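A look at the structure
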Amino acid sequence: MEVTLATLWQTYLARSDKFWALAQEHLLTLVVLPVVLAALVSIPLGILATRYRWIQVPSVAFANLMQTIPSLALLAILIALGFGIGNKPAIVALFLYSLLPILRNTYTGILNVDSGILEAARGMGMSAWQILTLVEFPIAFPVIMAGIRTAAVICVGLATLAAFIGGGGLGDFIITGLGMANNNLTLLGAIPAAAMALMLDWVLGKIEQWLTPRGLRL
Amino acid sequence: MSLPGKSVPPAVILERVSKVYDGSYAVRDLSLEIARGELVVLIGPSGCGKTTTLKMINRLIEPTSGRIYIDGRDISTVNPTKLRREIGYVIQQIGLFPHLTVAQNIGLVPYLRGVPRAQREERVDALLRLVGFEPELYRDRYPRELSGGQQQRVGVLRALAADPDLILMDEPFGALDPITREQLQDELKRLQNTFHKTIVFVTHDMDEALKLADRIVLMREGVAVQVGSPEELLRSPADEFVREFIGKRRLVRHPEEVAVGEIMVAAPVTGTPRMGAAEAFQKMQRHQVNTLLVVDEQGVLLGILTLRALQKGIREGGRSRVEELMEPVGATAHPQETVLQAARSLAANRAGLVPVVDEEGRLRGVLTNASLISTLVEVLWPGGEENGTGHGKGRARAAG
Ligand SMILES: Nc1ncnc2c1ncn2[C@@H]1O[C@H](COP(=O)(O)OP(=O)(O)OP(=O)(O)O)[C@@H](O)[C@H]1O
Ligand SMILES: [Mg+2]
């Protein structure tokens, strides 16, 4: 089947409503939601891991394990575990994949705060909470943000697989296109997904830069 | 209505304080009273427990035994966070917060103590001016936009910000180049003279200690070996360790203890008996001296040729060799003799010098008026470079 810009455009026009719905689902349900959930878990966990070794060892091991399970296998496992099909297991899988980059970056970011700075903070009478919120977190912030960015980009890609289990997103076009041998349809899913990954990386990079205190910018 | 016996308590009291790590003492049975407005320097070799002592005062480290009082309050009963907000603290690594501006760094403790913003800003500007920083220029800079010396100044200002009565400083100027270091020492002294803070200052640099301290605590393996004013340490070091640590060159010594051999000019300008008058004159000119010590091939001292005798000989003609013009040796000194004895010989010798000879009569050196005076000055006022006495014997020349 021939693919040109014109045929691609035709394909898009024929289902533009569906396209935007899928793109929105891809971005919000399959990327933003799991990454935000993962950040809510990983950031506190990463901070606790710097304080308590008994948290650090198992949590990093768990996050590492999640990363090593092949994505389709993970989806299958989740279905088998009773998450059913559709959005839900996809969101859970993407959440699990996002844990590691954020956890790892939070942990190293906090741990790498210079010991002299911490001693000064303690010596001038900051409470543990103040040290965390006024010193450690702001200094580690760029590193944590980089972890979130990595997770988001990974999710955009992996989310295309969600369609295999009826999870929606741009993967829907890809799979339907593959099934019908409709290259135009496949590309209508694949190209925007790739573009979304690049765009998200850029936007999050900008946000990171903008939120980083000037004294920490290089 | 005065209350008799209710005098102001010392700013800090350490009462038999010890800290044990893994069964060995980092600080051992240390007792110390620090008066209000006093600058006490803790000094000693690496690992002797200076930092440990300092950190016990703001409870960054808890003593294993003993008590510490600040303004009469046992600090183990005070909330550590609250305690630390009332004590200034400067560390060697500076530890400025890289994500905060200079003003935010300095104003942090006042912020933690709930000082309103306007008041904080005023205070920060006043402090910046104190060390010659134009507030408009420096307030909004980040630490990485400052030089090392400027960063350390900000570190000191941060400790001063909440106007604490007590400031702890752990090798604050250690990482700086000598010139910046001296500037900061001068500034600290100035601040100290103005504000009369109680300061506990850790260093391993004796010059710094001598310059800044009201009192020095010299530590070794966790024990205070000697506590006293700089003068006391210099004049009467408690033992060989203290003497070694202070450094021989700084110690106050009595003229009776200094041997001639230590301070004589070791390579005096010499002549031989067979030398002609013209050659001897040239040699004196070349070395800018007015005396030649005449020696034979074995180096045995035969006599002294003065410029005056030489000129007289040349003017009158006839006698033209050194051996005919030289004068007898007169009083000499032995290298082992004390400077005090040699000074008497020097006074007796018209030539203004005393040749130093060994048992066989061989010339070993010479003691001149100039070298003796500069040595005495150096011995009596050690380390007194500011008085221009730091280069005594090295430069003195034979009868220069
Ligand atoms: N947390 C610790 N655990 C075990 N030993 C310690 C600890 N902190 C310090 N020590 C030991 O206590 C001793 C005193 O250490 P301290 O840091 O007070 O020395 P210091 O005089 O400040 O030395 P320096 O001039 O090198 O800074 C050292 O022998 C050190 O090894
Ligand atoms: Mg130390």
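A few points about the overall build of chain A
Along the backbone of chain A there are nine helices and zero strands. Counting helices and strands in the order they occur from the N terminus, chain A gives α-α-α-α-α-α-α-α-α. Looking at the 218 residues of chain A, the share that counts as buried comes to 49%. Summarising the internal contacts of chain A: among those between residues at least 6 apart in sequence, 76% fall at separations of at least 24. Accessible surface computed for chain A: about 10700 Å², of which carbon and sulfur atoms make up 71%. Charge separation in chain A, taken as the distance between the mean sites of 11 positive and 9 negative side-chain charges, equals 6 Å.

Remarks on the sheet that holds strand S2 (residues 24–34) of chain B
All names here are of chain B. Strand order in the open sheet formed by four strands is S2-S1-S4-S5, and the pairing between neighbours is antiparallel. The sheet is open, and its two borders are formed by S2 and strand S5 (73–74), each paired with just one other strand. Inspection of the sheet shows strand S1 (residues 12–21) paired to S2 by seven bridges, in the antiparallel sense. Paired with Val-17 across the bridge in S2 is Leu-30.

Comments concerning the nonpolar core
Of all hydrophobic cores here, the largest spans 48 residues; its most connected members are Leu-30, Val-31, Val-35, Ile-43, Ile-102, Ile-148 and Leu-170 of chain A. For this core, the elements supplying multiple residues, two or more each, are helix H2 (16–51), helix H4 (71–83), helix H5 (87–111), helix H7 (128–159) and helix H9 (183–211) of chain A. Looking at which element gives the most residues to this core, the answer is H7 of chain A, with 12 residues. In this structure, Val-35 of chain A is in contact with Ser-98, Ile-102, Ile-148, Ala-151, Ala-152 and Cys-155 of chain A, ignoring residues within four places of it in sequence. Counting residues in each nonpolar core, the second largest holds 43 residues, with Val-131, Tyr-138, Leu-233 and Phe-241 of chain B among its members.

Points about the sheet that holds strand S12 (residues 291–295) of chain B
Each strand in a sheet pairs with another by means of backbone hydrogen bonds, the pair being arranged parallel or else antiparallel. All names here are of chain B. The strand order across the open sheet formed by three strands is S11-S12-S13, and the pairing between neighbours is mixed. Since the sheet does not close on itself, it has two edges, and those belong to strand S11 (270–271) and strand S13 (301–306), each with one partner. Pairing of S12 with S13 involves five bridges; the strand directions are antiparallel. Note on S13: the bridge partner recorded for Val-295 is Leu-301. Helix H13 (residues 277–287) rests against S11, S12 and S13 of the sheet, and its axis sits at about 125° to S12.

Considerations on the interface of chain A and chain B
Contact residues are listed per partner, giving 21 residues for chain A and 25 residues for chain B. Three residues stand out in chain A for area buried against chain B, namely Glu-119, Met-124 and Arg-214 of chain A, and they jointly supply 30% of the buried area on that side. Connecting chain A to chain B are two salt bridges. Where Arg-214 of chain A meets Glu-145 of chain B, a salt bridge forms, and the shortest distance between an N and an O atom there is 3.5 Å.

Focus: a nonpolar patch on the surface
Residues and elements named next belong to chain A. On the surface, Leu-28, Val-32, Leu-33, Val-36, Leu-37, Leu-40 and Val-41 cluster together into a nonpolar patch covering about 550 Å² of accessible area. Structurally, Leu-40 is set in helix H2. Judged by its relative accessible area of 59%, Leu-40 is exposed.

Observations regarding the side chain of Arg-181 of chain B
Residue and element names in this part refer to chain B. Mapped onto the elements of the fold, Arg-181 is located in helix H8 (residues 178–195). With relative accessibility at 14%, the residue Arg-181 sits in the buried group. At 3.4 Å, the side chain of Arg-181 and the backbone oxygen of Gly-174 are in polar contact.

Comments concerning helix H8 (residues 171–179) of chain A
Residue and element names in this part refer to chain A. Every buried residue of H8 is accounted for by Gly-171, Phe-173, Ile-174 and Gly-177. Angular distribution of buried residues about the axis of H8 spans 160°; they occupy a single face of the element. Residues of H8 that are buried sit in contact with H2 and H9. Downstream of H8 by a residue or two, Ala-181 has a phi angle that is positive, lying close to 55°.

Let's talk about the environment of Arg-220 of chain B
Residue and element names in this part refer to chain B. Within the element layout of this structure, Arg-220 appears in strand S9 (residues 215–220). You can call Arg-220 partly exposed: its relative accessible area is 37%. Between the alpha carbons of Arg-220 and Val-242 there is a distance of 9.3 Å; along the sequence they are 22 residues apart. In this structure, Arg-220 is in contact with Cys-48, Val-225 and Phe-241, ignoring residues within four places of it in sequence.

Side note on the confidence of the model for chain B
Residue and element names in this part refer to chain B. Summary statistics for chain B give a mean pLDDT of 87 and a share of 92% for residues scoring 70 or more. Scored below 50 in pLDDT, residues 384–400 shows 29 contacts in the model against residues more than four places distant or in partner chains. The complex model carries a pTM of 0.75, and its ipTM stands at 0.86.

A look at unusual backbone geometry
Residue and element names in this part refer to chain B. Although it is not a glycine, Asp-71 sits at a positive phi angle of roughly 50°. Its location among the elements puts Asp-71 in the loop between strand S4 (65–70) and S5. Even without being a glycine, Glu-171 presents a positive backbone phi close to 40°. Within the secondary structure, Glu-171 is located in the loop between strand S7 (166–170) and H8. A relative accessible area of 13% places Glu-171 in the buried class.

Digging into the pairing of strand S3 (residues 39–43) of chain B
All names here are of chain B. In terms of burial, S3 is largely enclosed, as five of its five residues are buried. Burial along S3 is two-sided: Leu-39, Val-41 and Ile-43 and Val-40 and Leu-42, pointing in opposite directions, are all buried. Bridge count between S3 and S9: four bridges; the pairing is parallel. Its bridge partner lying in S9, Ile-43 is registered against Leu-218.

Procedures and definitions
- Residues numbered from 1 in each chain as written.
- Chains lettered and ligands numbered in written order.
- Predicted model: local features only at pLDDT ≥ 70, side-chain atom pairs only at ≥ 80, totals over all residues.
- Heavy atoms only, no water.
- Helix = DSSP H or I, 4+ residues; strand = E, 2+ residues; numbered from the N terminus.
- Buried < 20%, exposed > 50% of the residue type's maximum accessible area, 1.4 Å probe, protein only.
- Contact = heavy atoms within 4.5 Å.
- Areas by Shrake-Rupley, 256 points an atom, 1.4 Å probe, with all protein chains shown as cover.
- Lys, Arg positive; Asp, Glu negative; His and termini not counted.
- Charge placed at Lys NZ, Arg CZ, Asp CG, Glu CD.
- Pairing = 2+ DSSP bridges.
- Core = buried A, V, L, I, M, F, W, Y, C linked by side-chain atoms within 4.5 Å.
- Axes fitted to C-alpha atoms, helices over the stretch in contact; angles between N-to-C directions.
- Buried area = accessible area lost by both parts, 1.4 Å probe.
- Salt bridge = Lys/Arg side-chain N within 4 Å of Asp/Glu carboxyl O.
- Patch = residues over 30% accessible without salt bridge, like charges linked within 9 Å, V, L, I, M, F, W, Y side chains within 5 Å.
- Polar contact = N/O pair within 3.5 Å; in protein donor to acceptor, adjacent residues only side chain to side chain.
- Arc of directions from axis to C-beta.
- pLDDT = per-residue confidence, 0-100.

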